[in-house]
Amino acid sequence: MSEEKEPVEVLRTPVELDYTYSAGVSASRFLRAVEQGKLLGQRCPVDGRVYFPSRGSCPQHGVPIEGEPVELSDRGTIVTFSVNRVPSENIDLELPYAAIQVLLDGADTTLFHVLGECSIDDVRMGMRVEAVWRPRDEWTISMQNIRYFKPSGEPDAPFESYQEHI
Ligand SMILES: [Zn+2]
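Residues numbered from 1 in each chain as written. Predicted model: local features only at pLDDT ≥ 70, side-chain atom pairs only at ≥ 80, totals over all residues. Heavy atoms only, no water.

Time to look at the coordination of the zinc ion. Listed as protein donors to the zinc ion are Cys-44 (SG), Cys-58 (SG) and His-61 (ND1); their distances from the metal cover 2.0 to 2.2 Å. Going along the chain, you hit the donors of the zinc ion in the pattern C-x13-C-x2-H. Of the two residues, Cys-44 is situated in the loop between β1 (39-43) and β2 (50-51) and His-61 in the loop between β2 and β3 (70-72); the sequence distance between them amounts to 17 residues. Residue Cys-44 is classed as buried on the basis of its relative accessible area, which comes to 2%. Judged by relative accessible area, His-61 falls into the partly exposed class, the value being 30%. (Donors = N, O, S within 2.8 Å, 3.2 Å for Na, K, Ca; no water. Helix = DSSP H or I, 4+ residues; strand = E, 2+ residues; numbered from the N terminus. Buried < 20%, exposed > 50% of the residue type's maximum accessible area, 1.4 Å probe, protein only.)

The following block contains the structure:
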């Protein structure tokens with residue numbers, strides 16, 4: 001008689017992958033600016049939309065984006081969010097926290113980040129936020145230089161001002 005065994009339902013397999021990423025001209029310029037605490041977008045020559053981060057071409061029109069980058073504010077508006085209750089080793093916020101899509105002032109595309117210094121009961125669409133940068137001596141070539149966004153205390157942005165970016 002064969003022995004009945006429980007079926008295997010979970011298999012844990014540690015996976016590791018080291019790779020070298022070549023950022024290219026446009027992303028390199030963006031990352032070098034982030035290293036200096038600047039946020040660069042770039043304007044599409046066809047319709048004037050500002051993409052953040054800056055890119056070498058417009059994904060909508062398929063044309064090169066040349067010309068001077070646009071320096072953006074580190075303030076913006078939450079266009080949507082979700083509440084995260086799962087810990088992540090590269091996010092040093094207490095659970096639960098809100099993962100947010102931020103429309104930086106002057107940009108036409110949103111940025112994914114996290115919200116700190118705010119109860120999840122208070123986070124909402126339209127909330128105005130500002131970046132909290134890490135101490136200057138911890139900056140690297142990374143968007144991790146911004147530790148999180150926090151409420152700026154400004155009045156909420158009207159829905160019409162960000163509805164097309166949701
Ligand atoms: Zn375009």
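With that settled, consider the packing of aromatic side chains. If you walk through the whole model with that rule in mind, you get 3 aromatic pairs. Centroid distance Phe-30 to Phe-52: 5.4 Å. Interplanar angle 75 degrees. Geometry classified as edge-to-face. In this pair, Phe-30 sits in helix α1 (residues 24-35) while Phe-52 sits in the loop between β2 and β3, placing the two residues 22 residues apart along the sequence. Take Phe-30: its relative accessible area is 6%, and that puts it in the buried class. Judged by relative accessible area, Phe-52 falls into the buried class, the value being 2%. (Phe/Tyr/Trp six-rings, centres within 6.5 Å; stacked < 30°, edge-to-face > 60°.)

As a further point, take the sheet that holds β2. Taken in spatial order, the 3 strands line up as β2-β1-β3 in an open sheet, and their pairing is antiparallel. Because the sheet does not close on itself, it has two edges, and the strands there are β2 and β3. (Pairing = 2+ DSSP bridges.)

What follows deals with the domain arrangement of the protein. The domain architecture assigned to the protein consists of domain 1 (22-72) and domain 2 (74-166). Spacing between the C-alpha centres of domain 1 and domain 2 amounts to 21 Å. Contact with domain 1, which involves 15 residues of that partner, is made by 20 residues of domain 2. A combined buried area of about 1,400 Å² lies between domain 1 and domain 2, and 64% of that area is made up of carbon and sulfur atoms. Where domain 1 meets domain 2, there are 1 salt bridge. (Domains from an automatic or database assignment. Contact = heavy atoms within 4.5 Å. Buried area = accessible area lost by both parts, 1.4 Å probe. Salt bridge = Lys/Arg side-chain N within 4 Å of Asp/Glu carboxyl O.)

Below, the discussion takes up unusual backbone geometry. With omega at -5 degrees, the peptide bond leading from Phe-52 into Pro-53 counts as cis. Within the secondary structure, Pro-53 is located in the loop between β2 and β3. Of note, the bond from Leu-95 into Pro-96 is cis; its omega dihedral lies within 30 degrees of zero at -15 degrees. Look at Glu-117: it is not a glycine, yet its phi comes out positive at around 55 degrees. Note that Glu-117 resides in the loop between β6 (111-115) and β7 (128-133).

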